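Fold and geometry: a report
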Amino acid sequence: MAKTLYDKLWDDHLVAENPDGSALIYIDRQLLHEVTSPQAFEGLKIAGRKPRRLEANLATPDHNVPTTNKERQAGISGIEDPISLIQVKTLDENCDEFGVTQFDIDDIRQGIVHVIGPEQGYTLPGLTMVCGDSHTATHGAFGAMAFGVGTSEVEHVLATQCLRQKKMKNMLVKVDGKLGYGVTAKDVVLAVIGEIGTAGGNGHAIEFAGTAIEGLSMEGRMTICNMAIEAGARVGLVAVDDKTIEYVKGRPFAPQNDHWDMAVKAWNDLHSDEGAHFDTVVELKAEDIAPQVTWGTSPEMVKPVTGTIPNPANEDNPVKKEGIERALEYMNLKADSAISSIPVDKVFIGSCTNSRIEDMREAAEVAKGRKVAASVKQAMVVPGSGLVKEQAEAEGLDKIFVEAGFEWREPGCSMCLAMNADRLEPGEHCASTSNRNFEGRQGQGGRTHLVSPAMAAAAAVYGHFMDVRDIEISRLSTTENGGAE
Amino acid sequence: MDAFTQHKGLVVPLDRANVDTDAIIPKQFLKSIKRSGFGPNLFDEWRYMDHGEPGMDNSKRPINEEFVLNFPRYQGASVLLARENFGCGSSREHAPWALEDYGFKAVIAPSYADIFFNNCFKNGILPIVLDNNIMDVLFEEAESTEGYQLDIDLDSQTITRPNGETIKFDVEPDRKHCLYNGLDDIGITLQQEQSITDYEEARKQRAPWLFS
C-alpha cells in the first residue's frame, strides 16, 4: 500500500500497538534545554530512574540566556537575573549528574536547540526527535518525525526512550510554482497559516511539498516546518532529497564512512509514495504569495504587505468577529488602514524560525548601505548559535548590521519569547522574525508583527512596513544562489 | 498524579477563542525549576493590572475586576468553559500545572491544541470536548445562573447539568484508564521493557549509525 512519509516514519518506530488503540513509539533523539527539563530530571531523581540511553540526549541553554556581549563574556556568572541563573545552573548540574552531553553557555556550539540540532548533524533524516518545545517540528525539514512535548514526556523519553502516542492524520500542503523576488519561506508559511488557520492542522502531521518547497534551501524548509505548530500541527515534514543529504554530510554527529553509505540508502526512501492517501490537501500557488505581515494577536491574523487591516464589520462568525475586535484594540490599529502604514518601534531578527546563516544574509542584503530609521528605538540581530555568529562574522555581516545601526548580539531565543532581558515595552510595535504574535509574547503589552528577515530589515530602515520587492537589494557574494530571491 | 473519577464544581466561562499558553502562564514564571506554585499567576496578564514577576506577593497586586476569573461569583471555580483551540502555542506543561494549582479539575471546550490536551492528562486535569452548540448552552447557563455547577463523571463519561440532564462525552480508553487510576505513565511503559529492548536490537541492525 502506498504510504505517506509520516506513515513510513510512524511504522518504522512502532515498538508495540496496544489493545486500547494507543501505540508505543520509539524516540531516537531528544534535545533538552533549561526551561522544560528541570522538573523532568527531578522526576527521575524522585523515582530513582536513570536515562535509558545517554547518547540519545543533547542539551543546551537557550531560552533565558542573556544576549548582550557584556553579560555573556562572564559566562554563566554573567547572568544578571538571579532566577534565570538558577535555571541555567540547574541544567548544568543535571547534565553533570546524569552524564548528558551539553553545549553550555561558554561553548561556541551553544545556541537555540532547533538551530544546533541540524547544525551538528544531530538531526538526521528518518529519526523520531522530541524536545520540550513546540517548535521541534523544525527538524521535520529533514524528513524526521519531530514534535514538541511537555515536561512529563521529556521525563518519559529520558526514562524509556519511548512515548505513548496515537497516530495523527496526514495533511498535504502543496505549494507549486516559483516564489517571486523578495518572497521567502517565512512568507510561504505565514500564507499557509492565513489560509488554514491556527487550528487548521490540529490532529495532523503536515507534509509540505510541491516545486516551491523543493526549490527552498534547507534553512527555508526549516523555517516552514518550524511554524507547522502555528497552524496547529505538532509535526511538519519535507521529503528527503539531494539537498537534505548534502546538508547533513560531514556534520559532527552525522554518520561516517560505511555508515554514511548505508544511511543514504535508507534515507532515499523518505518521501511519500505515489498515490499515498492524505486526509486533507491544501494547495497554494507560489506566484500568489506576497511578503506577509501579521496584524493581530494570532499567526492566522496575517495579510500581504500590500493589504489592509480587516474590518470586523465584514466578519459574520461572532467568535471570530470578537477576536478581530479584541486584536485591533490590543494592537491599537484601525480597521481598513494600510498594513504599510503601521509604524515600527523595535525590530527583532532572530529565533528558531529565522536565525540561521541564510536568514542573517537575507537581512544583511537589505540593511547593507542603509541606516535604521531614527524613529526605531532598537533593532537587534540575534544569531541562532555561536557557529552561526562565527560564520556571519567571517562573512562580514556583523559589520553591515552594526554600520546600519543594528545591535549584533550573542545567540539565544532572546526577544522571541522575552524570557531574558530582551523585550518590548507596553504599546511598542515590533517587526519580528519570530513565530508568535500572541498578546504579551514579546513583553507585556508589546505588539508583535511577524515577518521575514528581509521584511524586518526593511521595516527597520523605513520605520514602518515596506514591501521589500520595491527596494533595491544588495547582493552579497555568499548569496548568489540563495538569499531573498 | 491525582486520579480523576468524579467531580462536581463551580463553572467559570472564559468566552474567547485561541487562548494560548503564553496567556495561561506568561513566560517569566517559566523560570521556576519546580512543578508547583503557578496558580497565583494563572492568566497573569489578564488577572492583574500591573506587570507580574516571580517572587511578588500576588495578594497585594491590583486585580483586573473586569476579568471573569476575578468576579466574586466565580471564586472557587474548578471547571473552566473555554472556546476553540484552547491552549494553543508553546508546549509548556506549566500551563496545566497553573490550572491545576489554581484549582481547576476539568476544562470543557470545543477543541484544544494537541500538546496542551496531552499535557492535561499527565496532570490529573480532564479536558472535555463538546460540540459548539452544547458549548453555547453551557456558556449561556453559566453566565445567567449564579453558582452554576456541573457534575462530571469520568467512568460513565457524562456531565450532569443542574436541571438533571446529562451530556455524554468521548475520551480515549487509554487516557481514561490512566487518569481514572492516577497511573504513572512511565511505570506503564516500563512494563513493556522487553518490547523496547527488542525494538532497539532491531533498530541497531537497520540504523547502526544511531548507536555508535
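Residues numbered from 1 in each chain as written. Chains lettered and ligands numbered in written order. Predicted model: local features only at pLDDT ≥ 70, side-chain atom pairs only at ≥ 80, totals over all residues. Heavy atoms only, no water.

Digging into the confidence of the model for chain A
The condition that has to hold: Per residue, pLDDT captures the predictor's confidence, and it can take any value from 0 to 100. Note on contacts: a residue pair is in contact if any heavy atoms of the two residues lie within 4.5 Å.
Taken as a whole, chain A shows an average pLDDT of 96; of its residues, 98% reach a score of 70 or greater. Taken together, the stretch residues 480-485 of chain A has pLDDT below 50 and engages in 16 contacts with residues farther than four places along the chain or on a different chain.

Considerations on the pairing of strand β9 (residues 169-176) of chain A
Residues and elements named next belong to chain A. Which entries qualify depends on this criterion: Pairing between strands is defined by DSSP: at least two bridges between them are needed. We count a stretch as a helix when DSSP gives it H or I for four or more residues in a row; a strand needs E for two or more, and each element gets its number in order from the N terminus. Whether a crossover is right-handed depends on one test, that the path from the first strand over the helix to the second runs clockwise when the strands point away from the viewer.
In the sheet, β9 pairs with strand β10 (residues 204-209) via six bridges, with the strands oriented parallel. Within β10, the position partnered with Val-173 by the bridge is Phe-208. The β-α-β motif built from β9, the intervening helix α7 (residues 185-196) and the parallel element β10 has right-handed crossover chirality. Sheet topology places β9 next to strand β12 (residues 280-285); six bridges connect them, and they run parallel. The partner of Val-173 across the bridge, within β12, is Val-282.

Section: the packing of aromatic side chains
Keep this limit in mind: Stacked, tilted and edge-to-face are the three classes assigned to paired rings of Phe, Tyr and Trp, where Trp is represented by its six-membered ring and a pair needs centres within 6.5 Å; plane angles under 30 degrees give stacked, over 60 edge-to-face, the rest tilted. Burial status follows relative accessibility: with a 1.4 Å probe on protein chains alone, a residue under 20% of its type maximum counts as buried, one over 50% as exposed, and anything between as partly exposed.
For the structure on display, the rule yields 19 aromatic pairs over all chains. Centre to centre, the rings of Phe-401 of chain A and Trp-408 of chain A are 5.8 Å apart; their planes meet at 15°, and the pair counts as stacked. Across the pair, Trp-408 of chain A and Phe-401 of chain A agree in class, each one buried. The interplanar angle of 55° and the centroid separation of 5.9 Å between the aromatic rings of Trp-46 of chain B and Phe-67 of chain B together place this pair among those described as tilted.

Focus on the sheet that holds strand β2 (residues 23-26) of chain A
Residue and element names in this part refer to chain A. How we decide: Comment: axis = line fitted to C-alpha atoms, over the contacting stretch for helices; angle = value between 0 and 180 degrees taken between N-to-C directions.
The strand order across the open sheet formed by three strands is β1-β2-β8, and the pairing between neighbours is antiparallel. The sheet is open, and its two edges are formed by β1 (14-17) and β8 (162-165), each paired on a single side. Taken over all neighbouring pairs, the strand axes of this sheet differ in orientation by 20° on average, direction set aside. Pairing of β2 with β8 involves four bridges; the strand directions are antiparallel. Its bridge partner lying in β8, Leu-24 is registered against Arg-164.

Considerations on the interface of chain A and chain B
The condition is simple: A pair is scored as a salt bridge if a Lys or Arg side-chain nitrogen falls within 4 Å of a carboxyl oxygen belonging to Asp or Glu. Pairs of N or O atoms within 3.5 Å make up the polar contacts considered here, provided that, within protein, one atom can donate a hydrogen while the other can accept it, and that residues adjacent in sequence are counted only when both atoms are side-chain atoms. Residue polarity follows a fixed list, in which Ala, Val, Leu, Ile, Met, Phe, Trp, Tyr, Cys and Pro are nonpolar, Asp, Glu, Lys and Arg are charged, and the others, Gly among them, are polar.
Contact residues are listed per partner, giving 76 residues for chain A and 62 residues for chain B. Our count for the contact surface shared by chain A and chain B stands at 12 salt bridges. The residue Glu-200 of chain B makes a salt bridge to Arg-52 of chain A at a minimum N-O spacing of 3.0 Å. Inspection of the chain A/chain B interface yields 42 residue pairs in polar contact (both at pLDDT 80 or more). Where the side of chain A that touches chain B is concerned, the elements lending two or more residues are β1, β2, α2 (38-47), α4 (82-98), α6 (151-160), β8, α11 (257-267) and α12 (318-331) of chain A. Per-element accounting of the side of chain A that touches chain B gives the leading share, seven residues, to α6 of chain A. Here the side of chain A that touches chain B is built from residues that sort into 26 nonpolar, 29 polar and 21 charged.

Some remarks on the sheet that holds strand β1 (residues 6-13) of chain B
Residues and elements named next belong to chain B. Across the sheet, seven strands lie side by side as β4-β3-β2-β1-β5-β6-β7; this open sheet has mixed pairing. The sheet terminates laterally at β4 (126-129) and β7 (166-168), the two strands that pair on one side only. On average, each strand axis in the sheet is inclined to that of its neighbour by 25°, with strand direction left out of account. In terms of strand pairing, β1 meets strand β2 (residues 79-81) through three bridges, oriented parallel. Residue pairing across strands places Val-12 opposite Leu-80, the latter belonging to β2.

Considerations on the packing of helix α13 (residues 357-367) of chain A against helix α15 (residues 397-404) of chain A
All names here are of chain A. The test is simple: Roughly parallel covers angles under 35 degrees, roughly antiparallel covers those over 145, roughly perpendicular covers 65 to 115, and oblique covers all other angles. In this scheme the crossing of two helices becomes right-handed for a clockwise turn of the near helix relative to the far one and left-handed for an anticlockwise turn of less than a right angle.
It is at 9 Å that the axes of α13 and α15 come closest, and there the two elements cross at 40°. Regarding the angle of α13 to α15, the classification is oblique. As α13 runs across α15, the sense of the crossing is left-handed. Here Ile-357, Met-360, Arg-361, Ala-363, Ala-364 and Ala-367 of α13 come into contact with α15, specifically with Leu-397, Ile-400, Phe-401 and Ala-404.

Brief notes about the pattern of salt bridges
All names here are of chain A. Following the criterion strictly, the structure yields 46 salt bridges over all chains and no others. Here Lys-346 ties to Glu-428 by a salt bridge, and the two come within 3.0 Å at their closest N and O atoms. Pair noted here: Lys-346 is in strand β15 (residues 346-349) and Glu-428 is in the loop between β17 (407-408) and β18 (429-432), with a separation of 82 residues, a long-range link.

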